[in-house]
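# Topology and contacts: notes
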Amino acid sequence: MKKYAVLTSGGDAPGMNAAIRAVVRSGLEKGWEMFGVRNGFAGLISGNFVQMGPRDVGGIMQKGGTILGSARSLEFKTLDGQRKAIRSLNSAGIDGLFVIGGNGSQTGSYMLSKLKFPVVGIASTIDNDLFGSDTTIGVDTALNVALEAVDRLKVTASSHQRAFLLEVMGRDCGYLALMTALAGGAEAVIIPEVKVSPEDIAEILGKAYEKGKAHAIVIVAEGAEYNAEKLSAYFKEHHDRLGFDLRVAILGHIQRGGTPSAYDRILASRLGSGAVEAMAKGETGVLIGWVHSKLKSTPLEIVVNSKKEIDRSLVDLARILD
Ligand code: F6P
């Protein structure tokens, strides 16, 4: 009987459990033996496998995070670590591996596939910065968490006529910040992809005040040149000239927790089962993503060597609609 394993890696994302469930149940349906790997690539190196039956993935769809655990393994980034992982897989008799994760994780998948181990990746990260999938597992939920924060901030900001800075996650990519700004009707957005100075922000906030707005919300991606810390320091330093305070709220890991949305559960179910179909056909060394509302497999080599661009017209749209 063929044996396959699944792991989750990198930052956890709401919907990962639905993807684990889809991989395990679709694999069992094919008559395979299914295993989970605990704690991502670190667990792969130490051979931390656990056999999974249909009941082991029951009642997990509605849970955020990952029941398998995740990790960012430095050892796995080395060739020695990757070889150790393949030795663990071989000694457990595993025929192929499913990797649920984002950019760093799929780089790991690519490394294993270059060493000739069959791997299929499943697109999952709240950042939505993975090439090969228009949207990734976890984005929709994280976006809705950020949006709820904006709605709540607006209430208190309006009551006090205050300006707020909300920092959302996004190390190298402003997708979450941009969409939060668009959906939340923020006055300004600061993302790594578009250069903006604190003086530009001061001008936008000044105009919001002139328009008679009772509040002003600026959404900033953590990876922007001027993140919450730097921007608020700038505003403090130039307080007398600029004339107002910028209060700060940092959402951080709150965005990654919570109940996965219907969209993320469905996306995860489709990508997970699509990954099993790809593995069954011998189509490995690929990422299964969602492109133009369809499952799409993209070679991992292309995925890890390409950059997903944000739609810059949405930056203009957010500005026009503020
Ligand atoms: O990649 C997802 C992400 O949530 C990023 O937005 C963030 O920069 C990073 O993970 C945080 O990683 P960690 O949880 O390891 O601090």
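A short tour of the structure in this document, coming up.

### Focus on the packing of helix α7 (residues 198-210) against helix α8 (residues 228-237)
Contact pair α7 / α8: the axes reach a minimum separation of 10 Å and the direction vectors enclose 70 degrees. Between α7 and α8, the angle falls in the class roughly perpendicular. Contacts from Pro198, Glu199, Ile201, Ala202 and Leu205 in α7 reach Leu231, Tyr234 and Phe235 in α8. Tallied by class, residues from the contact of α7 with α8 come to seven nonpolar, no polar and one charged.

### Examining unusual backbone geometry
Phi at Asn39 is positive, roughly 60 degrees, even though this residue is not glycine. Owing to a relative accessible area of 35%, Asn39 belongs among the partly exposed residues under this scheme. A positive phi angle is found at Lys116, which is not glycine, with a value near 75 degrees. Checked against the element boundaries, Lys116 lands in the loop between α4 (103-114) and β5 (119-123). Since its relative accessible area comes to 74%, Lys116 is described here as exposed.

### What about the environment of Ala275?
The topology assignment puts Ala275 in helix α10 (residues 262-280). Discounting residues that sit within four places of it in the chain, Ala275 has contacts with Phe98, Val120, Ile122 and Ile288.

### Overview of the site of the ligand
Lining the immediate environment of the ligand, one finds Arg72, Ile126, Asp127, Met169, Gly170, Arg171, Glu222, His253 and Arg256. The separation between an oxygen atom of the ligand and a polar side-chain atom of Arg171 is 3.4 Å. Arg256 is positioned such that a nitrogen or oxygen atom in its side chain is 2.8 Å from an oxygen atom of the ligand. Across the complex, the protein chains shield 77% of the 400 Å² of accessible surface that the ligand would expose by itself. Both domains that meet at the shell around the ligand, namely domain 1 (3-138 + 260-304) and domain 2 (140-257), each give it at least three residues.

### Overview of the sheet that holds strand β7 (residues 188-190)
Taken together, four strands build an open sheet; the order of strands is β7-β8-β6-β9 and the sheet is parallel. Across the chains shown, the open sheet's two edge strands, defined by having one partner strand only, are β7 and β9 (246-250). Recorded for the sheet is a direction-independent mean angle of 20 degrees between the axes of neighbouring strands. For strand β6 (residues 163-168) and β9, the ladder comprises five bridges, and the chain directions are parallel. Bridge pairing links Ala163 to Leu246 in β9. Sheet strands touched by helix α5 (residues 139-160): β6, β8 (216-221) and β9. Its angle to β6, the strand with the most contacts, is close to 165 degrees.

What counts and what doesn't
- Residues numbered from 1 in each chain as written.
- Predicted model: local features only at pLDDT ≥ 70, side-chain atom pairs only at ≥ 80, totals over all residues.
- Heavy atoms only, no water.
- Axes fitted to C-alpha atoms, helices over the stretch in contact; angles between N-to-C directions.
- Helix = DSSP H or I, 4+ residues; strand = E, 2+ residues; numbered from the N terminus.
- Parallel < 35°, antiparallel > 145°, perpendicular 65-115°, else oblique.
- Contact = heavy atoms within 4.5 Å.
- Nonpolar A, V, L, I, M, F, W, Y, C, P; charged D, E, K, R; others polar.
- Buried < 20%, exposed > 50% of the residue type's maximum accessible area, 1.4 Å probe, protein only.
- Near = heavy atom within 4 Å.
- Polar contact = N/O pair within 3.5 Å; in protein donor to acceptor, adjacent residues only side chain to side chain.
- Areas by Shrake-Rupley, 256 points an atom, 1.4 Å probe, with all protein chains shown as cover.
- Domains from an automatic or database assignment.
- Pairing = 2+ DSSP bridges.

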